[in-house]
There are 2 protein chains.
Amino acid sequence: MTTTHSLDLVTRDACVAADAADPLASFRSRFILPEGVIYLDGNSLGPRPVGALERAQQVIAAEWGEGLIRSWNTAGWFELPGRLGDKLAKLIGGRDGETVVTDTTSLNLFKALASAIRIQQVDQPGRRVIVTERDNFPTDIYIAEGITDFLNSVAEETGIRYEVRLIDAELTLDAALDGSTAVLALSHVNYRTGAMWDMAEVTAQAHAVGALAIWDLAHSAGAAAVNLNGADADYAVGCTYKYLNGGPGSPAFIWVNARHQERFWQPLAGWWSHAKPFDMADAYAPAGNINRFLCGTQPVTSLAMVETGLDIMLDADFTAVRVKSLQLTDLFISLVEQRCASHPLELITPRDHAARGSHVSFRHPEGYAVMSALIARGVIGDYREPEVLRFGVTPLYLGYADVWDAVEILRDILDTSAWDTSEFKTRNAVT
Amino acid sequence: MTTTHSLDLVTRDACVAADAADPLASFRSRFILPEGVIYLDGNSLGPRPVGALERAQQVIAAEWGEGLIRSWNTAGWFELPGRLGDKLAKLIGGRDGETVVTDTTSLNLFKALASAIRIQQVDQPGRRVIVTERDNFPTDIYIAEGITDFLNSVAEETGIRYEVRLIDAELTLDAALDGSTAVLALSHVNYRTGAMWDMAEVTAQAHAVGALAIWDLAHSAGAAAVNLNGADADYAVGCTYKYLNGGPGSPAFIWVNARHQERFWQPLAGWWSHAKPFDMADAYAPAGNINRFLCGTQPVTSLAMVETGLDIMLDADFTAVRVKSLQLTDLFISLVEQRCASHPLELITPRDHAARGSHVSFRHPEGYAVMSALIARGVIGDYREPEVLRFGVTPLYLGYADVWDAVEILRDILDTSAWDTSEFKTRNAVT
């Protein structure tokens with residue numbers, strides 16, 4: 001039996017004792033979680049912070065209902081994308097003025113790719129390859145394809161051709177990066193396996209061949225240590241509804257290294273990206289700061305709730321969060337390997353701490369049915385093609401005994417083959 | 001004195017009597033409006049429907065809080081964009097399956113323009129001009145410029161050049177449309193003047209020269225009669241937070257004529273636009289329906305509230321809404337011209353009913369200060385550069401006596417020069 005866990009938690013009592021000694025234990029009370037649920041899907045949709053409902057009521061009843069149009073000024077709606085961006089930046093190694101909370105991760109990736117391509121067209125013309133990986137979350141690949149398809153439609157007669165190149169079993173990162181690479185766009189933590197790239201090392205590797213580096217932090221913002229400026233990254237995007245607990249579909253974020261902000265327009269140049277939106281000028285003049293990466297009017301109620309989740313995360317000691325995250329994923333791996341050893345579960349998450357995000361995934365030939373049975377018993381993880389059981393670990397509201405209990409229920413289901421496909425649908429989550 | 005009003009409402013008592021006889025009077029009770037306010041800015045941000053808070057509470061407390069990730073299926077979150085789109089379609093002459101509520105108006109315009117350009121590249125190569133108007137809402141011009149700038153960046157060495165051509169004082173619509181035009185993109189009702197294009201006639205004119213027609217319905221959906229299929233339009237976009245009362249920054253919509261839906265990708269090809277998003281395939285395969293115009297995960301709380309506003313509008317007889325809208329704008333014009341005749345107010349809204357949306361605008365040399373004074377007295381309209389006082393008229397919650405009272409307050413302010421710039425800021429609204 002291989003184990004990597006860093007605590008000696010071989011009994012439920014030891015887990016209960018670890019919970020009692022947990023410096024983050026008090027954060028559990030800042031979330032609402034239903035009775036009888038062990039929630040291992042905070043990597044897909046974080047639970048509701050206690051303050052979220054009140055914040056939404058304030059927006060709807062007071063700011064919208066009473067303030068009406070005046071609330072754009074009096075309630076600070078205009079400043080929300082940048083103000084929340086500055087808060088979020090503290091979790092990802094960003095400086096003030098480099099981040100806005102806006103739009104969706106897909107759209108923000110489009111802006112980052114378009115801006116990076118535009119820079120390369122001028123600085124190093126002829127670089128027309130976007131490198132990403134086949135195992136990336138699909139939307140990241142599709143957005144890269146959408147951009148190249150659109151550009152190629154113009155260039156058809158000219159021989160100019162943009163291309164998406166996928167790292168996979170046959171093509172390593174090293175081999176994929178070369179003098180034709182305009183930009184490398186990777187997810188920091190893989191949505192399926194939980195594997196994490198070394199951001200600083202890989203960014204340096206991209207820069208060494210003259211490529212720019214874009215990081216999708218969907219599965220690492222609020223989940224793992226991220227230092228964008230420390231890694232000298234060029235752009236980053238990510239989501240606020242997973243580990244940041246912003247609410248279903250809450251707006252995403254984009255971070256742009258200050259050195260790139262004023263170079264070119266991103267093509268989604270809506271009026272919020274204008275230097276003076278309320279001059280109503282017919283000529284476009286891009287904002288001279290991160291506002292250039294805004295586009296249109298944001299959904300205020302959903303956006304405002306993002307702050308409630310961010311404030312909780314900012315109150316926590318993030319070093320303690322990361323330590324506990326690794327202890328919980330270690331514990332999960334170790335218990336599954338001890339207690340479910342006779343079953344065909346294959347760990348696909350790295351054992352190496354430096355290469356692991358905050359979720360653990362196992363393949364099982366009946367993965368879909370097993371996850372259905374788990375959910376029916378209150379253990380909510382999720383299923384990802386092919387055959388992957390995915391369990392998110394979130395130190396602010398999950399304890400050691402929760403992990404013990406979840407693995408016990410998994411063991412019981414496997415031992416008794418008590419699965420059933422009626423409860424669960426494939427389409428269950430959002431990354 | 002010229003008057004166009006169709007009711008004889010020359011006293012406040014006559015207005016009160018008209019309110020008493022108003023078949024739409026009962027709709028007022030379905031909105032929350034603060035005491036002491038006459039709200040003439042529903043064309044910028046509609047007020048809060050009574051049911052909006054409860055709907056948001058349901059999403060946050062029950063669907064998010066209790067249902068957690070399961071609510072994507074059990075609460076129908078996945079279906080919201082299309083389900084709300086089908087409801088909205090009834091107000092704009094769309095058929096089922098042609099509309100989704102998603103993203104922002106700016107982003108949806110980008111999708112429509114990109115899709116139209118892609119079609120023209122194949123059907124009529126060489127057409128590279130987007131025609132729009134200098135007086136269009138700025139974001140529409142900026143988005144067109146963003147697309148052409150991005151395409152031209154590829155084409156730089158090739159001589160291929162995309163162009164935005166603006167209709168203005170020197171260039172009529174007739175002169176702007178020619179064999180180089182790929183697409184005509186206009187706002188149906190002008191955000192500043194309230195002037196309305198004849199959609200059927202102008203669409204036919206575009207088609208006659210081989211161009212596609214895109215309509216921005218931001219100031220006409222829910223405000224004026226719109227029949228997209230009747231006009232044989234190609235694409236339309238619009239917003240839900242004005243006359244549709246969806247809430248601050250609520251997601252926008254896009255309508256695509258069924259004949260164009262399956263032709264090419266729009267480049268914002270996020271995973272929600274995929275034929276089978278949850279197969280997590282690395283290869284992009286666009287949805288064979290309107291879902292192709294989706295992109296990423298939507299802000300569920302803000303999106304769900306859109307339905308509350310739509311349901312109210314769908315309960316109303318829209319013919320009655322339009323009749324009352326014209327009576328109210330007629331009344332507004334007539335009263336201002338009678339009672340403020342000695343002041344330098346210049347009507348910039350068309351008197352012709354067929355050419356008028358649902359707001360009335362006057363220029364005044366001290367427009368900004370006058371609007372500040374009006375707002376301080378509870379008459380909330382808004383100000384638009386240059387010098388424009390803009391008053392939105394919304395038949396579901398505004399009565400004839402409201403218009404009378406608003407004009408009386410305007411008259412009093414003008415007669416006493418009682419204006420003051422401290423209350424109001426330029427940046428006050430969202431189109």
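Because the structure is a prediction, the values reported are computed rather than measured.

Engineer: What is the right way to read the relation of the copies chain B and chain A from this model?
Structural biologist: Two copies of a chain can be linked by a rotation about an axis combined with a shift along that same axis. Once chain B has been moved 0.0 Å along the axis and rotated by 180 degrees, it coincides with chain A to within an RMSD of 0.0 Å. Overall, the copies show the geometry of a two-fold rotation axis. Proximity to the rotation axis, assessed at the C-alpha, singles out Ser302(B) in chain B; its C-alpha lies 2.8 Å from the axis. Most of the interface of chain B is mirrored in chain A, where 100% of its interface residues are also at the interface.

Engineer: Would you mind going over helix α5 (residues 105-123) of chain A with me for this structure?
Structural biologist: Helical geometry note: an α-helix holds 3.6 residues per turn, so side chains three or four residues apart project in the same direction. An ideal rise of 1.5 Å per residue puts 27 Å on 19 residues; α5(A) measures up with 27 Å between its terminal C-alpha atoms. α5(A) sits mainly inside the fold: 17 of its 19 residues count as buried.

Engineer: Sorry, what's going on with the sheet that holds strand β15 (residues 388-392) of chain A here?
Structural biologist: Backbone-to-backbone hydrogen bonds pair the strands of a sheet. The strands run either parallel or antiparallel. Residue and element names in this part refer to chain A. Pairing within the open sheet is antiparallel, and its four strands lie in the order β11-β12-β15-β14. For this open sheet the edge positions go to β11 (346-347) and β14 (382-384), each flanked by a neighbour on one side alone. Examined bridge by bridge, β14 and β15 share three bridges and lie antiparallel to one another. By the bridge assignment, Arg384 is partnered in β15 with Val388.

Engineer: When you look at the environment of Gln57(A) in this model, what are you seeing that I'm missing?
Structural biologist: Assignment of secondary structure puts Gln57(A) in helix α2 (residues 52-67). We classify Gln57(A) as partly exposed; its relative accessible area is 26%. Considering only alpha carbons, one finds Gln57(A) and Thr301(A), 244 residues apart in sequence, at a separation of 8.9 Å. In this structure, Gln57(A) is in contact with Ala62(A), Leu53(B) and Gln57(B), ignoring residues within four places of it in sequence.

Engineer: Explain empty space enclosed by the protein here, please?
Structural biologist: Rolled over the atoms, a probe sized like a water molecule indicates the empty space that remains. Residue and element names in this part refer to chain B. Going through the model one piece at a time under the given rule, you end up with three cavities of 30 Å³ or more. When its volume is computed, the second largest cavity comes out at roughly 80 Å³. As for the second largest cavity, its lining consists of 13 residues, and the residues nearest its centre are Tyr243, Met313, Thr394, Pro395 and Leu396. Here the residues of the lining of the second largest cavity sort into nine nonpolar, four polar and no charged.

Engineer: Sorry, what's going on with the side chain of His364(B) here?
Structural biologist: For His364(B), the position within the fold is in the loop between β12 (359-363) and α11 (367-376). There is a polar contact of 2.9 Å between the side chain of His364(B) and the backbone nitrogen of Glu366(B).

Engineer: What is the right way to read the UniProt feature "binding site: pyridoxal 5'-phosphate" (unreviewed entry) in chain A from this model?
Structural biologist: All names here are of chain A. Taken from the UniProt record, the annotation "binding site: pyridoxal 5'-phosphate" (unreviewed entry) applies to Thr105, Ser106, Phe137, Pro138, Thr139, Asp140, Asp216, His219, Tyr241, Trp271 and Thr297. These annotated residues cover 193 residues of sequence, and their C-alpha atoms reach 30.3 Å apart at the extremes, leaving them scattered rather than at a single site. Assignment of secondary structure puts Thr105 in helix α5. Given a relative accessible area of 13%, Thr105 falls into the buried group. Other than its neighbours up to four places away in sequence, Thr105 contacts Asp216, Val237, Gly238, Cys239 and Ala252. By the element assignment, Asp140 lies in helix α6 (residues 138-155). Those residues in contact with Asp140, other than ones at most four positions away along the chain, are Leu109, Ser187 and Asp216.

Engineer: Explain the packing of α5(A) against α6(A) to me, please; I cannot follow it from the model alone.
Structural biologist: The packing of two helices is summarised by the inter-axis angle and the distance between the axes. Residues and elements named next belong to chain A. It is the contact of α5 with α6, at a shortest axis distance of 10 Å, that shows an interaxial angle of 45 degrees. Put simply, α5 runs oblique to α6. With respect to the hand of their crossing, α5 and α6 are arranged in right-handed fashion. Counted together, Ser106, Leu109, Phe110, Leu113, Ala114 and Ile117 of α5 and Thr139, Asp140, Ile143, Ala144, Ile147 and Leu151 of α6 form the full contact between these two elements. Its residues assigned to classes, the contact of α5 with α6 comprises nine nonpolar, two polar and one charged.

Engineer: Please explain the environment of Phe110(B) as it appears in this structure.
Structural biologist: Note on placement: Phe110(B) falls in helix α5 (residues 105-123). The buried category is assigned to Phe110(B), whose relative accessible area is 0%. Note: C-alpha distance between Phe110(B) and Asp140(B) (30 residues apart in sequence) is 8.8 Å. Aside from chain neighbours lying at most four places away, what touches Phe110(B) is Phe110(A), Pro267(A), Leu268(A), Ile143(B), Ile147(B), Pro267(B) and Leu268(B).

Engineer: Is there a simple way to explain the packing of helix α4 (residues 80-89) of chain A against helix α9 (residues 300-315) of chain A in this structure?
Structural biologist: Residue and element names in this part refer to chain A. One can describe the packing of α4 onto α9 by two numbers: an axis separation of 10 Å at closest approach and a directional angle of 20 degrees. Comparing their axes, α9 and α4 come out roughly parallel. Taken as a pair, α4 and α9 cross one another with a handedness that is left-handed. Here Leu80, Pro81, Arg83, Leu84, Lys87 and Leu88 of α4 come into contact with α9, specifically with Val300, Leu303, Ala304, Val306, Glu307, Leu310, Asp311 and Leu314. Residues that form the contact of α4 with α9 fall into these classes: 10 nonpolar, no polar and four charged.

Engineer: Just checking my understanding: could you explain the interface of chain B and chain A for this structure?
Structural biologist: Often the size quoted for an interface is simply the accessible area lost on bringing the parts together. Each side of the interface is counted separately: chain B has 100 residues, and chain A has 100 residues. Considering only the surface of chain B that becomes buried against chain A, Trp64(B), Tyr142(B) and Phe150(B) emerge as the three largest contributors, covering 10% of it. Applying the counting rule to chain B against chain A returns four salt bridges. A salt bridge links Arg118(A) to Asp149(B), with the nearest nitrogen and oxygen atoms 3.5 Å apart. Our count for the chain B to chain A interface comes out at 19 residue pairs in polar contact (both at pLDDT 80 or more). Where the side of chain B that touches chain A is concerned, the elements lending two or more residues are β3 (48-49), α2 (52-67), α3 (71-74), α5, α6 (138-155) and α9 (300-315) of chain B. In terms of residue count, the dominant contributor to the side of chain B that touches chain A is α6(B) (14 residues).

Engineer: What is the right way to look at the sheet that holds strand β7 (residues 181-187) of chain B in this model?
Structural biologist: Residues and elements named next belong to chain B. The mixed open sheet is built from seven strands, whose spatial order is β4-β10-β9-β8-β7-β5-β6. The open sheet terminates on both sides in strands that have one partner only, identified here as β4 (99-101) and β6 (163-167). Between one strand axis and the next, the sheet turns by 20 degrees as a mean value, whatever way the strands run. Bridging between strand β5 (residues 129-133) and β6 involves five bridges; their strand directions are parallel. Opposite Val129, over in β6, you have Glu163 as the bridge partner.

What counts and how
- Residues numbered from 1 in each chain as written.
- Chains lettered and ligands numbered in written order.
- Predicted model: local features only at pLDDT ≥ 70, side-chain atom pairs only at ≥ 80, totals over all residues.
- Heavy atoms only, no water.
- Least-squares fit on C-alpha atoms with pLDDT ≥ 70 in both.
- Contact = heavy atoms within 4.5 Å.
- Helix = DSSP H or I, 4+ residues; strand = E, 2+ residues; numbered from the N terminus.
- Expected span 1.5 Å × (residues − 1).
- Buried < 20%, exposed > 50% of the residue type's maximum accessible area, 1.4 Å probe, protein only.
- Pairing = 2+ DSSP bridges.
- 1 Å grid on protein atoms, 1.4 Å probe; cavity = no way out; pocket = protein on both sides within 12 Å on 5 of 7 lines; lining within 4 Å.
- Points joined across faces, edges and corners; volume = space filled by probe spheres on them.
- Nonpolar A, V, L, I, M, F, W, Y, C, P; charged D, E, K, R; others polar.
- Polar contact = N/O pair within 3.5 Å; in protein donor to acceptor, adjacent residues only side chain to side chain.
- UniProt positions renumbered as here; feature names shortened; annotations may be inferred.
- Axes fitted to C-alpha atoms, helices over the stretch in contact; angles between N-to-C directions.
- Parallel < 35°, antiparallel > 145°, perpendicular 65-115°, else oblique.
- Left-handed = near helix turned anticlockwise from the far one by under 90°.
- Buried area = accessible area lost by both parts, 1.4 Å probe.
- Salt bridge = Lys/Arg side-chain N within 4 Å of Asp/Glu carboxyl O.

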